[in-house]
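# Descriptive structure summary
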Amino acid sequence: TNIYLNEMANIPHGGVLKDLHARDAPKKEQLLAEVEKLPSIVLSDRQLCDLELIMNGGFSPLEGFMNQEDYQSVVNNLRLKNGLLFSMPITLDVSDQDIESLGLESKKRIVLRDPRDDAALSILTIQDIYKPNKIEEATKVFGDDDILHPGVKYLHTQAKEFYVGGTVEAIQSPIHYDYIAHRHTPAELRAHFNKLHWTRVVAFQTRNPMHRAHRELTVRAARNRQANVLIHPVVGLTKPGDIDHYTRVRVYQALMPKYPNGMAALSLLPLAMRMGGPREAVWHAIIRKNFGNTHFIIGRDHAGPGKNSKGVDFYGPYDAQKLVAKYQDELEIEVVPFQMVTYIPDSDEYLPVDEVPEGTTTLNISGTELRRRLRNGGHIPEWFSYPEVVKVLRETHPPRSKQGFTLFLTGYYNSGKKAIGKALEVVLNQQGGRSVTLLLGETVRHGISSELGFSRRDRDQNIARIAFVSAELTKAGAAVIAAPIAPFAEARAQAKSHVETYGGFYLIHVNTPLDYCIKTDRRGIYKKAQSGEIKNFTGVDDPYEAPVDADIVVDVSKQCVSEICHQIVLVLEKVC
């Protein structure tokens, strides 16, 4: 541990920073030569994040993926086999098939590869292969085996059935192409703190955009402890549904100049979060300590995943703070409780909630209200967030009126979908402001899905392709008119969830009666289907599941196309 006495930063967990890149640099050529002769595992996104932090020392004292003894000890007691505190199992999961095809066994060496570019990142020497009890892991690590917990869901639906324990030798770290100047290893960050003579550093963990309140509470935390601030956001894997890290980092970059000169730094952490509440908070504290921080802010419901299947929060609001406090002496990093601050309009300042005199007017904007204002283009006041931050959020989350959308027409063959689609294309082009794309069923069948037939599987595949194209165009701000038959509710629902990630999705049921479709069929397609000449024809020998969730229902046997277009445009104007 002597090497850290000259450093001003906190000593690493376990006393030594396990920087495997520095340790293994002298034998890099030898390892690269060996790679050619060894079998390989291509890592998952989570395994990649874990390996990066194992190799750079972020997970010190780990030097690889946990063997069975360490895993069992961590799951049961929050400690490695040697007694050192560590709260989260770090495991390399493999399948039965992987074990068989790669001949995995104790003492065997295996290459771990980057899933993005297939680069050889490290060589793992296997210590053991074991089958975990996933229900026990879920219950002990996450406190519950409830599938609504993202960590539990991953464990049961994505993690493979066996774990491989073993030590790692580093060849190279994963290459990043984004925000490289803000990505630091623990050794680099420690050197940075040393250079600036930062002896006390408060780390702030976040997976959300930051606003003025966050700036105020971090400045207060630092001033109260005569310390500096490290904004240390997670950019690996966070909770599904979180705002993407590109947007968040642009927000953090916009916010940094708002700190007093020389007070704060920004560094990105490539961590795969488990949303494990109290145990995750202890893990985060260990990681921040390894990066040289002396203090760590822990908020209400730190790394909490929200509500369980009974509608109750998985963790209490202060469970994380309590567990970290329990291990305070061993962690050797001082926990700073997250002080909720609120805005006082009369004095134009933020104050901790418990310091606000009774009867004082306060203002706040909730996360839900902020999202509503972004969606509707509503005003976001400067007291809440800086204009530079709001600008970034508005670019990524344009109001409905600036977003793309998909009009998804479903109905029988010859129900009028084609005529409505062509008319809508003209009407929307006349309005201007967006490019317009028409995806007629027959056009898609000819150009994108020419090899597909009309089985249930092929029909679903066709709708999935239409959804993919519609989503990409919607993301780019276009108006899409898709007009397949789309007879199955499940495929339509999947198309909706795919497109809605990027903009509006409006299901239009062209509810023209089947008799009318058959009567007006001048091409005689229904006759051919009824005579058996065409098989698997919707409405004849194949079912049509009429939507019960349509946004608009129209019928060309009762309405003219102009009237239908007007009805659809009115709905669009209301929501856009």
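Since we're looking at a predicted model, the values are computed, not measured.

With that settled, the discussion passes to the packing of aromatic side chains. Per the stated rule, a full pass over the model turns up 16 aromatic pairs. Measuring from ring centre to ring centre gives 4.8 Å for Tyr 343 and Trp 383, while their planes differ by 10 degrees; the resulting arrangement is stacked. One end of the pair, Tyr 343, is in strand β12 (residues 341–344); the other, Trp 383, is in the loop between α14 (367–376) and α15 (387–396), with 40 residues separating them in the sequence. As far as burial versus exposure is concerned, Tyr 343 and Trp 383 are alike and both buried. A ring pair is formed by Phe 405 and Tyr 506, whose centres lie 6.4 Å apart and whose planes are at 70 degrees; its orientation type is edge-to-face. Of this pair, Phe 405 sits in strand β14 (residues 405–410) while Tyr 506 is found in strand β17 (residues 504–510), placing the two residues 101 residues apart along the sequence. Under the relative-accessibility criterion, Phe 405 is labelled buried at 3%. The structure contains a cluster of three or more aromatic residues connected by ring pairs, namely Tyr 343, Tyr 350, Trp 383 and Phe 384. A cation over an aromatic ring shows up here: Arg 46 above the ring of Tyr 154, its NZ or CZ 3.6 Å from the ring centre.

It is worth spelling out helix α18 (residues 456–475) at this point. The terminal C-alpha atoms of α18, which comprises 20 residues, lie 28 Å apart, in line with the 28 Å expected from a rise of 1.5 Å per residue. For α18, the full list of buried residues reads Asp 458, Arg 459, Asn 462, Ile 463, Ile 466, Ala 467, Ser 470, Ala 471 and Thr 474. Along its buried surface, α18 packs onto β14, β15 (436–440), α17 (441–447), β16 (479–483), α19 (489–500) and β17. Gly 477 sits one or two residues past α18 and shows a positive phi near 90 degrees.

This part is about empty space enclosed by the protein. Overall, the coordinates contain one cavity of 30 Å³ or more when judged by the stated rule. Estimated volume of the largest cavity: approximately 150 Å³. Around the largest cavity sit 14 residues that line it, and Arg 46, Thr 91, Glu 137, Tyr 163 and Arg 274 are the ones nearest its centre. Counting residues per element, the ones that place at least two in the lining of the largest cavity are α3 (45–55), α6 (134–142) and α7 (150–157). With three residues, α7 is the single largest residue contributor to the lining of the largest cavity.

The terminal C-alpha atoms of helix α11 (residues 277–290), which comprises 14 residues, lie 20 Å apart, in line with the 20 Å expected from a rise of 1.5 Å per residue. One or two positions beyond α11, positive phi appears at Gly 292, with a value near 95 degrees.

Assigned domains of the protein: these are domain 1 (20–170), domain 2 (180–269 + 275–355) and domain 3 (400–575). Each of domain 2 and domain 3 was reduced to a C-alpha centroid, and the two centroids are 47 Å apart.

Pairing is parallel in the open sheet, where five strands are placed in the order β15-β16-β14-β17-β18. Two strands lie at the open edges of the sheet, namely β15 and β18 (552–554), each paired on one side alone. Strand-to-strand, the axes of this sheet are offset by a mean angle of 15 degrees, without reference to chain direction. Across five bridges, β15 lies against β16 in parallel orientation. When the bridges of β16 are listed, Thr 437 appears paired with Val 480.

Thresholds, definitions, all that
- Residues numbered from 1 in each chain as written.
- Predicted model: local features only at pLDDT ≥ 70, side-chain atom pairs only at ≥ 80, totals over all residues.
- Heavy atoms only, no water.
- Phe/Tyr/Trp six-rings, centres within 6.5 Å; stacked < 30°, edge-to-face > 60°.
- Helix = DSSP H or I, 4+ residues; strand = E, 2+ residues; numbered from the N terminus.
- Buried < 20%, exposed > 50% of the residue type's maximum accessible area, 1.4 Å probe, protein only.
- Lys NZ or Arg CZ within 6 Å of the ring centre and 35° of its normal.
- Expected span 1.5 Å × (residues − 1).
- Contact = heavy atoms within 4.5 Å.
- 1 Å grid on protein atoms, 1.4 Å probe; cavity = no way out; pocket = protein on both sides within 12 Å on 5 of 7 lines; lining within 4 Å.
- Points joined across faces, edges and corners; volume = space filled by probe spheres on them.
- Domains from an automatic or database assignment.
- Pairing = 2+ DSSP bridges.
- Axes fitted to C-alpha atoms, helices over the stretch in contact; angles between N-to-C directions.

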